[in-house]
Amino acid sequence: EDQVTQSPEALRLQEGESSSLNCSYTVSGLRGLFWYRQDPGKGPEFLFTLYSAGEEKEKERLKATLTKKESFLHITAPKPEDSATYLCAVDSGYALNFGKGTSLLVTP
Amino acid sequence: DTAVSQTPKYLVTQMGNDKSIKCEQNLGHDTMYWYKQDSKKFLKIMFSYNNKELIINETVPNRFSPKSPDKAHLNLHINSLELGDSAVYFCASSPSGKALGTEAFFGQGTRLTVV
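Anyway, here's the lowdown on the structure attached to this text. Computed from a predicted model, the values in this text were never measured in an experiment.

Across its full length, chain A carries zero helices and eleven strands. Projected onto its principal axes, the C-alpha coordinates of chain A cover approximately 40 × 30 × 20 Å. Within chain A, buried positions represent 46% of all 108 residues. Working note: accessible area of chain A is about 5,300 Å², and carbon and sulfur atoms make up 47% of it. Taking the average location of the 12 positive side-chain charges in chain A and that of its 15 negative ones, the two points are 1 Å from each other.

This part is about the environment of Gly16(B). Residues and elements named next belong to chain B. Inspection of the secondary structure puts Gly-16 in the loop between strand S2 (10-13) and strand S3 (19-25). Separated by twelve residues in sequence, Gly-16 and Val-4 have C-alpha atoms that sit 29 Å apart. Beyond its immediate chain neighbours, meaning those up to four positions away, Gly-16 contacts Ser-80 and Leu-81.

Here we take up the interface of chain B and chain A. Each side of the interface is counted separately: chain B has 23 residues, and chain A has 22 residues. When chain B packs against chain A, close to 1,800 Å² is buried across both sides, 57% of that on carbon and sulfur atoms. Put simply, chain B and chain A have zero salt bridges between them. The interface formed by chain B and chain A includes five residue pairs in polar contact (both at pLDDT 80 or more). At the level of elements, strand S4 (31-37) and strand S5 (43-49) of chain B are the ones that each hand at least two residues to the side of chain B that touches chain A. Its residues assigned to classes, the side of chain B that touches chain A shows eleven nonpolar, eight polar and four charged.

With that settled, the discussion passes to the packing of aromatic side chains. Per the stated rule, a full pass over the model turns up nine aromatic pairs over all chains. Seen in terms of ring centroids, Tyr33(B) and Tyr35(B) are 6.2 Å apart; in terms of plane orientation they differ by 45°. Their pairing is tilted. Ring plane angle 50° and centroid distance 5.3 Å describe the contact between Tyr35(B) and Phe106(B), whose orientation is recorded as tilted. A residue pair is termed long-range when its members are at least 10 positions apart, and Tyr35(B) in strand S4 and Phe106(B) in strand S10 (residues 105-106) qualify at 71 residues. Each member of the pair, Tyr35(B) as well as Phe106(B), carries the same accessibility label: buried. For the cation-ring pair, Lys100(A) lies above Phe42(B), with the distance from its terminal atom to the ring centre recorded as 5.5 Å.

In protein structure, a disulfide is the covalent linkage between the sulfur atoms of two cysteines. Residue and element names in this part refer to chain A. For the structure shown, the criterion picks out two disulfides over all chains. Each sulfur in the disulfide pair Cys-23 and Cys-88 lies 1.9 Å from the other. Measuring the twist about the S-S bond at about -60°, one finds the Cys-23-Cys-88 disulfide to be left-handed. Linking Cys-23 in strand S3 (residues 19-26) with Cys-88 in strand S9 (residues 84-91), this pair joins segments that are 65 residues apart in sequence. One exposure class covers both Cys-23 and Cys-88, and it is buried.

Calculation criteria
- Residues numbered from 1 in each chain as written.
- Chains lettered and ligands numbered in written order.
- Predicted model: local features only at pLDDT ≥ 70, side-chain atom pairs only at ≥ 80, totals over all residues.
- Heavy atoms only, no water.
- Helix = DSSP H or I, 4+ residues; strand = E, 2+ residues; numbered from the N terminus.
- Buried < 20%, exposed > 50% of the residue type's maximum accessible area, 1.4 Å probe, protein only.
- Areas by Shrake-Rupley, 256 points an atom, 1.4 Å probe, with all protein chains shown as cover.
- Lys, Arg positive; Asp, Glu negative; His and termini not counted.
- Charge placed at Lys NZ, Arg CZ, Asp CG, Glu CD.
- Contact = heavy atoms within 4.5 Å.
- Buried area = accessible area lost by both parts, 1.4 Å probe.
- Salt bridge = Lys/Arg side-chain N within 4 Å of Asp/Glu carboxyl O.
- Polar contact = N/O pair within 3.5 Å; in protein donor to acceptor, adjacent residues only side chain to side chain.
- Nonpolar A, V, L, I, M, F, W, Y, C, P; charged D, E, K, R; others polar.
- Phe/Tyr/Trp six-rings, centres within 6.5 Å; stacked < 30°, edge-to-face > 60°.
- Lys NZ or Arg CZ within 6 Å of the ring centre and 35° of its normal.
- Disulfide = S-S within 2.5 Å.

Below you can see the structure in the form of structure tokens.
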């Protein structure tokens, strides 16, 4: 059975303090590793898909990387508006299987 | 235009009632989903559906049933509501449930409270 584990559960950063979120996964065959952002009271918003080890994708202050066992979401010089819950998911073949998320708070 | 829309956004009802949540997508996608997000924010798949196949997560009680009048709509019917059904329910869609690496697009959620 596919498993997705995210760490840490919660992370508090000062504005400008770079850090990384971790997503460890176990799948029988990777069909895609997905990162989403979720703001309070809203649905998850798609950020990235990664398909193979070594792949990297960037969007503004976010950079996602992938190895055979885990993915990292690097946040460079975060701003308060980056505060949200970040969700990682793998494609289980019929739907996305999510981890429990990392709640990120960036303070001014 | 909203890509995936759900109604209602909030639903408060008594135990034992039957209720429905509607979902519509205007993306032309083939596959739609229902997810449940509990109080700890864990997002769990309930159903995956396209016009050929319904896949049900085995942990979902049979009081829950998806109904699709057409390709753009997937409604969620819940019978005999229980306190434990209180959660946020998300509808989502993707171009195809079988395509490699297909991201899903989510609605804004329906917060169901059973009292």
